[in-house]
Amino acid sequence: MTINDLGFIHRFIKSSSSSSIARTNDKKSKLTFVLLHGTGGNEDDLIFLGKQIEPAASILSPRGKVLENGMPRFFKRLAEGIFDIEDLKFRTNELADFIQKCSLHYKFDLHKTIAIGFSNGANIAASTILLHPEVLKGAILFRAMVPLVPDNLPDLSNKHILLSAGLSDPIVSTKQTQNLYNLFHKTGANVQLKWQHSSHNLIPDDIVYAKEWLIKIVTDKFL
Ligand code: MLT
């Protein structure tokens, strides 16, 4: 299989500890992050974020295939916050297929794979864990909205989800965030909501908290 067969322009960065003396039982080095950028971003955008959250994790970072006025996104929208649900479902299936193929090609474990998404990327990450829970163990969702409500709610009782939301986000209302939390709660997921004193943009506390959350998940129950 060639890189093109995998389906998305992307970067893959293998866990740093596998090439160093720290190659071991280190649980964190077995993690893979799927980084999903916001509107207008690309596969390079969130690498720094993944590295800050856990430098030892492997990184898979695709570029969204939909263009909105030349800006890459992961699915079409009709207006801000109003999604083209058919396209969202199609793109979610496509992304899940990509993650699956990459796990075989790059040899990483889907049971130790966590999506980290920002804005539009967080929305498709949420959609992916709802429609294809088999490709993710968890998700860190920065400024996410309810992407869709599946006809049949999946059982996400073995999944771990962090919602990091901005109290004064002009794009994602506090109600949207609460609705997303409630949706995940209904699926049985281990979901946590962290409010930040921020707007739509990330602030340092988002990263501080995501690191703490991940350490707790990895040490307590993840591997
Ligand atoms: C979306 O379209 O996914 C959300 O409105 C977030 C954004 O990209 O602005």
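Refer to the preceding data block for the structure.
Structural notes, computed from the coordinates. Since this is a predicted model, take the numbers as computed values, not measurements.

### Observations regarding the overall build of the protein chain
Okay, step 1: Within the protein chain one finds five helices and eleven strands.
Okay, step 2: Over its C-alpha trace the protein chain gives a radius of gyration of 16 Å, about what one expects of a compact globule, namely 17 Å for 223 residues.
Okay, step 3: Considering only C-alpha atoms, the protein chain reaches an extent of 50 × 35 × 35 Å along its principal axes.
Okay, step 4: Expressed as a percentage of contacts within the protein chain between residues at least 6 apart in sequence, the contacts between residues at least 24 apart total 71%.
Okay, step 5: With the model as given, the accessible surface of the protein chain reaches about 10100 Å², and the carbon-plus-sulfur share is 53%.
Okay, step 6: Of the charged side chains in the protein chain, 26 are positive and 22 negative, and the gap between their average positions amounts to 5 Å.

### Some remarks on the nonpolar core
Okay, step 1: By size, the foremost hydrophobic cluster in this structure holds 41 residues, and its most contacted members are Leu36, Phe98, Ile99, Leu141, Ile161 and Phe184.
Okay, step 2: Here Ile99 is in contact with Val34, Phe108, Leu110, Val135 and Leu136, once residues within four sequence places are set aside.
Okay, step 3: Ile114, Phe118, Trp213 and Ile217 belong to the second-largest nonpolar core, a separate cluster that totals 23 residues.

### Description of the sheet that holds strand β10 (residues 160-166)
Okay, step 1: Taken in spatial order, the seven strands line up as β1-β3-β2-β8-β9-β10-β11 in an open sheet, and their pairing is mixed. Strand pairing shows two members of the sheet lacking a second neighbour, β1 (10-13) and β11 (190-196), which therefore form its edges. Pairwise comparison of adjacent strand axes, ignoring direction, gives a mean angle of 15° for this sheet.
Okay, step 2: Here β1 runs beside strand β3 (residues 58-62); their pairing, made up of four bridges, is antiparallel. Looking at the pairing, Ile13 lines up with Ile59 of β3.

### Some remarks on the pairing of strand β8 (residues 113-118)
In the case of a regular strand, side chains alternate between the two sheet surfaces.
Okay, step 1: Along β8, six of the six residues are buried, which leaves the element largely enclosed by surrounding structure.
Okay, step 2: The side-chain alternation of β8 yields two buried faces, one formed by Thr113, Ala115 and Gly117 and the other by Ile114, Ile116 and Phe118.
Okay, step 3: When strand β2 (residues 32-36) meets β8, the two strands line up parallel, connected through five bridges. Counterpart to Val34 in the pairing with β8 is Ala115.
Okay, step 4: Taken together, the five bridges between β8 and strand β9 (residues 138-142) define a ladder with parallel strand orientation. Its bridge partner being in β9, Gly117 is matched across the sheet by Leu141.
Okay, step 5: Between the parallel elements β8 and β9, the chain passes through helix α3 (residues 120-131) in a crossover that is right-handed.

### A closer look at helix α4 (residues 174-187)
Quick reminder: α-helices carry 3.6 residues per turn. Residues three or four places apart thus point the same way.
Okay, step 1: Here α4 spans 20 Å end to end across 14 residues, near enough to the 20 Å set by a 1.5 Å rise per residue.
Okay, step 2: The secondary structure elements touched by the buried residues of α4 are α3, β9, β10 and β11.

Criteria and thresholds
Residues numbered from 1 in each chain as written. Predicted model: local features only at pLDDT ≥ 70, side-chain atom pairs only at ≥ 80, totals over all residues. Heavy atoms only, no water. Helix = DSSP H or I, 4+ residues; strand = E, 2+ residues; numbered from the N terminus. Rg over C-alpha atoms; globule rule 2.2 N^0.38 Å. Contact = heavy atoms within 4.5 Å. Areas by Shrake-Rupley, 256 points an atom, 1.4 Å probe, with all protein chains shown as cover. Lys, Arg positive; Asp, Glu negative; His and termini not counted. Charge placed at Lys NZ, Arg CZ, Asp CG, Glu CD. Core = buried A, V, L, I, M, F, W, Y, C linked by side-chain atoms within 4.5 Å. Buried < 20%, exposed > 50% of the residue type's maximum accessible area, 1.4 Å probe, protein only. Pairing = 2+ DSSP bridges. Axes fitted to C-alpha atoms, helices over the stretch in contact; angles between N-to-C directions. Right-handed = clockwise from strand over helix to strand, strands pointing away. Expected span 1.5 Å × (residues − 1).

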